[in-house]
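# Topology and contacts: notes
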Amino acid sequence: MSAAAVVDVVGQGLLLVGSLLVGTAALGLVRLPDVYARTNAATKAAALGLVVVLLGGVVLAPTAGSVLTLLVAIALQLFTVPIGGFEVAQAARLSAAPVTPLTHHDDLGLPREGDQRDEEQRDGEDEGGVQVDGQERGPA
Amino acid sequence: MVVEVALGVMALSLGVCAWRVVVGPSDADRVLAVDLGFVVVVCATALLAVRLRTPALLDLVLVATLVGFLTTVVLARLVAGRGR
């Protein structure tokens, strides 16, 4: 096997793995129970998949200029995707998107309509336990 | 051959994203689906650049990465502002 053939196989393998990772993200978008879990799938798997596809492009790229372009795109992707995913998840929580009852923990401590309701919520937490808490917060 | 299979996976993923935009119970779901759909389109552009041997498409990938981030942040701010 010549060196060019090896490079070709490695590059195409990276393209295939990356596109399958993006397909995994799409699968997560179908199967996961609420928007927060879907945020996890869509940002992590899709970002990793795109980076792997672009790495495959780096391996197969014909010129130095396109290699540079792809490396800059990979770096930008790695920096921007976590911020975008965080923004989407926080927006979902602030707009009171429904939370699946499986959720145990909420660092943001919502809902946000005044302190009174918040205290009631905390009382409910003491008596009711985790499952009830998740359901109470859902429609708020 | 590999690139064709990968493009097929991209097509399926884009269909899933469109479905999620249509049904997605909350607005945040729709933003997320649009975000993933944009990533899929960027991926398909990179695959086409390899398949057609057109390095000019790689510049498109670079620009789309930036624009996709801006789109996601702006749409997320929009959704968060509506809920407040």
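Chain A appears in an unreviewed UniProt entry as Cation:proton antiporter from Pseudokineococcus marinus. Heading Sequence similarities (unreviewed entry) of the UniProt record for chain A holds this comment: "Belongs to the CPA3 antiporters (TC 2.A.63) subunit G family."

Moving on, we come to the overall build of chain A. Across its full length, chain A holds five helices and zero strands. When its helices and strands are written in sequence order, chain A yields α-α-α-α-α. Sequence-distant contacts in chain A: of pairs separated by 6 or more residues, those separated by 24 or more amount to 63%.

Before going further, it helps to examine the overall build of chain B. A tally of regular secondary structure across chain B gives three helices and zero strands. Each helix and strand of chain B, placed in order from N terminus to C terminus, yields the pattern α-α-α. Looking at chain B residue by residue over its 84 residues, the buried ones come to 44%. The contacts of chain B with a sequence gap of at least 6 include a subset with a gap of at least 24, amounting to 55%. Summing over all exposed atoms, chain B offers an accessible surface of approximately 4,200 Å²; the carbon and sulfur share of this is 74%.

This brings us to the interface of chain B and chain A. Contacts between the two partners involve 42 residues from chain B and, on the opposite side, 41 residues from chain A. Carbon and sulfur atoms make up 82% of the surface buried where chain B meets chain A, a total of about 3,500 Å² over both sides. The interface formed by chain B and chain A includes two salt bridges. Our count for the contact surface shared by chain B and chain A stands at three residue pairs in polar contact (both at pLDDT 80 or more). For the side of chain B that touches chain A, the secondary-structure elements that each account for two or more residues are helix 1 (2-23), helix 2 (27-52) and helix 3 (56-83) of chain B. Looking at side-chain class alone, the side of chain B that touches chain A contains 32 nonpolar, five polar and five charged residues.

What follows concerns the UniProt feature "transmembrane region" (unreviewed entry) in chain A. According to UniProt, the positions carrying the feature "transmembrane region" (unreviewed entry) are residues 12-30 and 42-61 of chain A. Annotation note: span residues 42-61 of chain A, helix share 95%, strand share 0%, distance between end C-alpha atoms 27 Å.

It is worth spelling out the side chain of B:Ser13 at this point. As for its position among the elements, B:Ser13 is in helix 1. In this structure B:Ser13 touches A:Val22, A:Gly23, A:Ala26 and B:Val40, once residues within four positions along its chain are discounted.

Residues and elements named next belong to chain B. Scanning the entire structure with this criterion turns up four salt bridges over all chains. Salt-bridge contacts for Arg51 lead to Glu4; the nearest nitrogen and oxygen are separated by 2.3 Å. Within this pair, whereas Arg51 is found in helix 2, its partner Glu4 is found in helix 1, the two being separated by 47 residues in sequence. Judged by its relative accessible area of 42%, Arg51 is partly exposed. Linking Arg30 and Asp27 is a salt bridge whose minimum nitrogen-to-oxygen distance equals 3.2 Å. With Arg30 and Asp27 both in helix 2, this residue pair falls three residues apart, about one helical turn. The class for Arg30 is partly exposed, based on a relative accessible area of 27%. Residue classification places Asp27 among the partly exposed positions, given a relative accessible area of 30%.

Residue and element names in this part refer to chain A. A cluster of nonpolar side chains, contributed by Met1, Val6, Val7, Val9, Val10 and Val59, occupies part of the molecular surface with about 530 Å² of accessible area. In terms of residues, the nonpolar patch owes the most to one element, helix 1 (residues 3-31), which gives four residues. Tracing the backbone through its elements, the reader meets Val10 in helix 1.

What follows is about the environment of B:Val67. Secondary-structure assignment places B:Val67 in helix 3. For the pair B:Val67 and B:Phe38, spaced 29 residues apart in sequence, the C-alpha to C-alpha distance is 9.6 Å.

With that out of the way, let us pick up the packing of helix 1 of chain B against helix 2 of chain B. Residues and elements named next belong to chain B. Closest axis-to-axis distance for the helix 1/helix 2 pair is 9 Å, and the angle between their directions is 165°. One finds that helix 1 runs roughly antiparallel with respect to helix 2. Relative to helix 2, helix 1 is oriented so that their crossing is left-handed. The class makeup of the residues in the contact of helix 1 with helix 2 is 18 nonpolar, two polar and five charged.

A few words on the side chain of A:Asp34. As for its placement among the helices and strands, A:Asp34 is situated in the loop between helix 1 and helix 2 (35-60). Discounting residues that sit within four places of it in the chain, A:Asp34 has contacts with A:Pro98, A:Val99, A:Thr100 and A:Thr103.

How each quantity is defined
Residues numbered from 1 in each chain as written. Chains lettered and ligands numbered in written order. Predicted model: local features only at pLDDT ≥ 70, side-chain atom pairs only at ≥ 80, totals over all residues. Heavy atoms only, no water. UniProt positions renumbered as here; feature names shortened; annotations may be inferred. Helix = DSSP H or I, 4+ residues; strand = E, 2+ residues; numbered from the N terminus. Contact = heavy atoms within 4.5 Å. Buried < 20%, exposed > 50% of the residue type's maximum accessible area, 1.4 Å probe, protein only. Areas by Shrake-Rupley, 256 points an atom, 1.4 Å probe, with all protein chains shown as cover. Buried area = accessible area lost by both parts, 1.4 Å probe. Salt bridge = Lys/Arg side-chain N within 4 Å of Asp/Glu carboxyl O. Polar contact = N/O pair within 3.5 Å; in protein donor to acceptor, adjacent residues only side chain to side chain. Nonpolar A, V, L, I, M, F, W, Y, C, P; charged D, E, K, R; others polar. Patch = residues over 30% accessible without salt bridge, like charges linked within 9 Å, V, L, I, M, F, W, Y side chains within 5 Å. Axes fitted to C-alpha atoms, helices over the stretch in contact; angles between N-to-C directions. Parallel < 35°, antiparallel > 145°, perpendicular 65-115°, else oblique. Left-handed = near helix turned anticlockwise from the far one by under 90°.

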